[in-house]
Amino acid sequence: MDQNQKKKAAAEAALEYVKSDMIVGVGTGSTVNFFIEALASKKNMIQGAVSSSDASTALLKEHGIEVFDLNEVASLDIYIDGADEITKHKHMIKGGGAALTREKIVAAVAKTFICIIDDTKHVPVLGKFPLPIEVIPLARSYVARELVKLGGDPVYRQGVVTDNGNQILDVHNLHIMEPTKLETQINQIVGVVTNGLFAQRGADIVLTGTDKGVIKE
């Protein structure tokens, strides 16, 4: 299977966790787009979805799936999203699509986080994929200087404005041995909205598309 076929297989496997009358938490990205397409086959049995980005909201509505504001929802049974990197401990880097803050919020509300990926996303140590940081525009240069002190090489993602009206710094050359600790350290820098480390709240279930089918962890 090629990479897109693996993504699609993992996305379709996540349908197993979608039950009647659920409001489904939905992430952002190419693998999630496959999930949204698959979810359309169950749209009449669910209440709808909570979305982590404007792009996913548009696609959900295009498929006739009602989208709820998270403030209207007390809890979510499941949240389905992809990852840019993930370790065997189910710690992740996310945010390649610049939706990390809303993704982290929706994941926090969900009882179960189901990560859908292809097998290229598994890594022994996080950091080869640049770590995205959402920052308040005024604080971008200050935050970048603080990230250098932590050993990173931050690069401003030019031309990108998040759904929250903020900017993204991508931090290169990190070898993240203690992702939970680093997640906290970065979030304590004034001007950081949040960072793309999902370690304090990692995935509960990982569905990986491979040449041999979908592997569940």
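Just so you know, these numbers come straight off a predicted model, no measurement behind them. (Residues numbered from 1 in each chain as written. Predicted model: local features only at pLDDT ≥ 70, side-chain atom pairs only at ≥ 80, totals over all residues. Heavy atoms only, no water.)

J.: Quick question: what am I supposed to make of helix α1 (residues 3–13) here?
T.: One turn of an α-helix holds 3.6 residues; hence residues three or four places apart share an orientation. Every buried residue belonging to α1 is among K6, K7, A10 and A11, and all of these are buried. The buried residues of α1 occupy one face: seen down the axis, they fall within an arc of 135 degrees. Residue D2 occupies the N-cap position of α1, its side-chain oxygen lying 3.2 Å from the main-chain nitrogen of N4. (Buried < 20%, exposed > 50% of the residue type's maximum accessible area, 1.4 Å probe, protein only. Helix = DSSP H or I, 4+ residues; strand = E, 2+ residues; numbered from the N terminus. Arc of directions from axis to C-beta. Polar contact = N/O pair within 3.5 Å; in protein donor to acceptor, adjacent residues only side chain to side chain.)

J.: Explain the environment of A40 to me, please; I cannot follow it from the model alone.
T.: You can see A40 is positioned in the loop between α2 (30–39) and β2 (48–51). Not counting the four nearest positions on each side in its chain, A40 is found in contact with H63 and I65. (Contact = heavy atoms within 4.5 Å.)

J.: Before we go on, may I ask you to explain the pairing of strand β4 (residues 76–81) in this structure?
T.: Along a regular strand, successive side chains alternate from one face of the sheet to the other. β4 sits mainly inside the fold: 5 of its 6 residues count as buried. Here 2 bridges tie strand β1 (residues 23–26) to β4, and the two strands are oriented parallel to one another. From the neighbouring strand, G25 faces β4, where its bridge partner is Y79. Two elements, β4 and strand β7 (residues 110–118), share 5 bridges in a ladder whose sense is parallel. Across the sheet, D81 pairs through a bridge with C115, a residue of β7. (Pairing = 2+ DSSP bridges.)

J.: Please explain the side chain of T162 as it appears in this structure.
T.: Within the secondary structure layout, T162 lies in the loop between β9 (153–156) and β10 (167–172). When neighbours within four sequence positions are excluded, T162 is seen to be in contact with A98, E134, Q167 and I168.

J.: Would you mind showing me how to read helix α6 (residues 179–187) here?
T.: Looking only at α6, the buried set comprises P179, L182, E183 and I186. Buried residues along α6 cover an arc of 105 degrees about the axis, so they all sit on one side. Lining the buried residues of α6 we find α4 (100–109), β8 (131–135), α5 (140–149), β11 (192–195) and β12 (197–198).

J.: Could you clarify how one ought to interpret the packing of α1 against α2 in this entry?
T.: Between two packed helices, both the angle of their axes relative to each other and the distance between the axes serve to describe the pair. The interhelical angle for the contact between α1 and α2, taken along N-to-C directions, is 50 degrees, at an axis separation of 8 Å. In this view, α1 runs oblique relative to α2, as classed from their interaxial angle. Seen from above, α1 lies across α2 with right-handed handedness. Contacts from N4, K7, K8, A11 and E12 of α1 reach α2 at S30, T31, F34, F35 and A38. Looking at the contact of α1 with α2 residue by residue, the classes come out as 4 nonpolar, 3 polar and 3 charged. (Axes fitted to C-alpha atoms, helices over the stretch in contact; angles between N-to-C directions. Parallel < 35°, antiparallel > 145°, perpendicular 65-115°, else oblique. Left-handed = near helix turned anticlockwise from the far one by under 90°. Nonpolar A, V, L, I, M, F, W, Y, C, P; charged D, E, K, R; others polar.)

J.: Teacher, can you tell me more about the sheet that holds β10 here?
T.: Within a sheet, adjacent strands bond to each other through the backbone by hydrogen bonds, running parallel or antiparallel. The strand order across the open sheet formed by 4 strands is β9-β10-β8-β11, and the pairing between neighbours is antiparallel. Every other strand in the sheet has two partners, leaving β9 and β11 as the edge strands with one partner each. The mean angle between the axes of side-by-side strands here comes to 30 degrees, regardless of whether they run parallel or antiparallel. When β9 meets β10, the two strands line up antiparallel, connected through 4 bridges. Residue V155 lies in a different strand from β10, and its bridge partner there is D170. Lying on the sheet, α4 is in contact with β8, β10 and β11; it crosses β11 at an angle near 70 degrees.

J.: Whenever I open this one, the pairing of β2 confuses me. Can you help?
T.: Residue alternation in β2 divides its side chains into two sets, G48 and V50 and A49 and S51, and both sets are buried. Bridge count for β1 against β2 is 4 bridges, and the pairing is parallel. Residue pairing for β2: I23 is matched across the bridge by G48. Read as a crossover between parallel neighbours, the route from β1 over α2 to β2 is right-handed. When β2 meets strand β3 (residues 67–68), the two strands line up parallel, connected through 2 bridges. Note on β3: the bridge partner recorded for A49 is V67. (Right-handed = clockwise from strand over helix to strand, strands pointing away.)

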